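# Breakdown of the fold
As a plain string of letters, each chain reads:
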Amino acid sequence: HTTNSFDAYSFGTVSSPSDAYRYARGEAILHPTGYELQLSQPLDFYAVTDHAMFLGLLKEAADTSSEFSKYELAKPLHNLNESVSSSLPAIIQRSNIFRPFARAANQGLQEGTIDRNLVDSIGQTVWQETIKAADEAYEPGVFTTFAGYEYTSSVDLYMKYLHRNVIFRGTENLPARLFSRLDSQDPEKLWDWMDRLRDKGIESLAIPHNSNISGGAAFSLNDYNGTPVDDAYTAKRAQNEPLTEITQIKGTSETHPMLSKNDEWAAFEARTGHDGEKFINNLRGSYVREAYLRGLSLTEDGLTNPFQFGLIGSSDTHVAAGSYEEKNYFSKIGILDGTAELRGSVPFNRFYGTLAKLIRPEALQEIDGNDYLAFSTRLINFSASGLAAVWAEENTRESIYDAFRRKETFATSGPRIKIRFFAGYGLADASLTDIDLISKAYASSTPMGGALTLEHGNVPSFLVWAMADPEGGSLQRVQVIKGWLEDGEEQERVFDVACSDGLTVNPATHRCPDNGARVDLTDCSTSAHDNATEIKAFWQDPGFQPEQKAFYYTRVLENPVCRWSTWDAVRVGEAPRSDIPATIQERAWSSPIWFEQKKQD
């Protein structure tokens, strides 16, 4: 998100879409609090996805020369970003700006006291500028940009988010006006709009994101209006949403410990700080793995699988720059969390003393004998995540978008881990040392994102191949997660299939032994161990049933490292908070491969 998103502008962001693309290319841009943001290595492709709702509107409200600034609701915003301040009073003021503005603007539009045509014309101008910025930054073969935006539906304002990022394949003949929450909060209406554009030759896809805070609505078995889904719904969703985001700064949406009780790694960045996550009904329907299982069940009822989607990661920061690295984390919401004290990883009293109590007594909370900013209760759960990755023939819009469509995609929590994942019946005689292994795998099997027909009497082989980020941590293990239906019941299991450090998987437990990797929390150094930069293996499912519908995807784990909150604390000589994980295991997830019964002619 850039200065054109109504919330990002209120957070002090002045960086434009062009600035965002410069950042992705490896150039430095300024954080709203004044320090430089720069990637350690450039990205290959990028998309600015500002909110379609109120696109450019807060910036227009702050500009006292504009027509929109004359509305009463705009007056508190006048000249808002002329002198961005990160003082505590300014932070408190800005934390209470965009939601009241959004409510007042939405009410005014519904009542007709705000001119919808004026709001639309502002958004249309900014959208054309966004497309132009993408085209100017696009360098085929080197750096790819996509025109896109965020559709911000929700069931209510604070929970049950149904946000989608809409990505267009090209930039020719794009609609002048974007479909937004102001048109409808029903995602089916968004898909209808996308279908109409597709009929005109304008191709796009929608990517659900931060499903972990959807309150069970993201992958519900009912539509937006509460009616059980039918084949018209499932087919439309499958057409328009071939991908889903599994990780981003608001946390990871793979699964949850309350849903996957036999997965020792299910808690990874799963805590969000939302009250709704305490209730199992708000978790069911919010996570990717359960969605895959629900999709299998829907096919048993003769419906199209609406949840046969591939995986990506995203950032969702609001400073025009993605924050992917634990060590160099700069969080999400500009001046509101641009320092360690504000995001809750360092005691607030260390630098501000009793100032917060003097301004607002309830502003602090005590943890481990220290005072932390109460506002940071949710911010401390934000994640340094994530990245989208594709296997594409070349770095162009057409090639990358086609990879999106065939779901040959994977996601990482930030590091540039690479994953290969194939399944098929023709890998039995392949060799891991064969220089032509990948080309043979494509010729004889199915890559991630694809589907295989179940063959009676045949057991497929899987090829899993993980490569570490050269600038990241060492790999620890490669896993395959299986989901299937058994007697109508949804089942799942985690298999370790290959280990680092010369270790082997225990065939009884399907787990790698402990490789001894540890983190020193006084300085975030890691213990000595073999530097596993690559792990690859062939694997067969010991419980494979030839008539059983199933899906499989790969999860790659690095050795533990300090979480960003621990890095913040260590840098100033503080102990990390005891209520937050001190370490994490960075990871990557492949899109699944599905096993399906042969369709009848």
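Everything here concerns the structure above.
Throughout what follows, the structure given in this document is the object of discussion. (Residues numbered from 1 in each chain as written. Predicted model: local features only at pLDDT ≥ 70, side-chain atom pairs only at ≥ 80, totals over all residues. Heavy atoms only, no water.)

## Re the environment of A588
Here A588 lies in strand β26 (residues 587-590). On the basis of relative accessible area, A588 is assigned to the buried category, the value being 0%. Residues A588 and V556 lie 32 residues apart in sequence; the distance between their C-alpha atoms is 5.2 Å. Setting aside its immediate chain neighbours within four residues, A588 contacts A411, T412, I417, I419, T554, R555 and V556. (Helix = DSSP H or I, 4+ residues; strand = E, 2+ residues; numbered from the N terminus. Buried < 20%, exposed > 50% of the residue type's maximum accessible area, 1.4 Å probe, protein only. Contact = heavy atoms within 4.5 Å.)

## Some words on the nonpolar core
The tendency in soluble globular proteins is for nonpolar side chains to be buried as a group. Judged by nonpolar contacts, the single largest core of 47 residues is most densely connected at W127, Y149, F168, L190, W193, Y292 and F309. Broken down by secondary-structure element, the contributors of at least two residues to this core are α6 (116-137), β4 (144-154), β5 (161-168), α7 (187-199), α10 (288-300), β18 (475-486) and β23 (550-558). By residue number, the principal contributor to this core is α10, which donates six residues. Core analysis: the second largest hydrophobic core is formed by 41 residues, F54, L58, F98 and F348 among them. (Core = buried A, V, L, I, M, F, W, Y, C linked by side-chain atoms within 4.5 Å.)

## Brief notes about the packing of aromatic side chains
Counted according to the given criterion, the structure contains 37 aromatic pairs. Geometrically, the ring pair formed by Y292 and Y553 is tilted, given 6.2 Å between the ring centres and 55° between the ring planes. Of the two residues, Y292 sits in helix α10 while Y553 sits in strand β23, which places them 261 residues apart along the sequence. According to the relative accessible area criterion, Y292 is buried, its value standing at 0%. Seen in terms of ring centroids, Y401 and F404 are 6.2 Å apart; in terms of plane orientation they differ by 70°. Their pairing is edge-to-face. (Phe/Tyr/Trp six-rings, centres within 6.5 Å; stacked < 30°, edge-to-face > 60°.)

## Regarding unusual backbone geometry
A cis amide bond, omega -10°, links S385 with the succeeding residue G386. Summarising the element assignment, G386 is placed in the loop between β11 (370-373) and β12 (387-390). Even without being a glycine, D501 presents a positive backbone phi close to 60°. Residue placement: D501 occurs in the loop between β19 (489-499) and β20 (519-520).

## With respect to the state of the cysteines
Using the criterion set out here, one finds two disulfides in the structure. The disulfide that involves C499 links it to C512, with 2.1 Å between the sulfurs. Measuring handedness by torsion sign, the sulfur bridge of C499 and C512 sits at about -90° and is left-handed. Of the two residues, C499 is situated in strand β19 and C512 in the loop between β19 and β20; the sequence distance between them amounts to 13 residues. Comparing C499 with C512 shows no difference in burial state: the two are buried. In this model C524 forms its disulfide with C562; the gap between the sulfur atoms is 2.1 Å. Negative torsions about the S-S bond denote left-handed disulfides, and the value of about -100° found for C524 with C562 makes this one left-handed. In this pair, C524 sits in the loop between β20 and β21 (525-526) while C562 sits in strand β24 (residues 561-562), placing the two residues 38 residues apart along the sequence. For the pair C524 and C562, a shared accessibility class is recorded, and that class is buried. Ordinal numbering of bonded cysteines along the chain defines a disulfide pattern of 1-2, 3-4. (Disulfide = S-S within 2.5 Å.)

The values reported here are purely geometric and, on their own, carry no functional implication.
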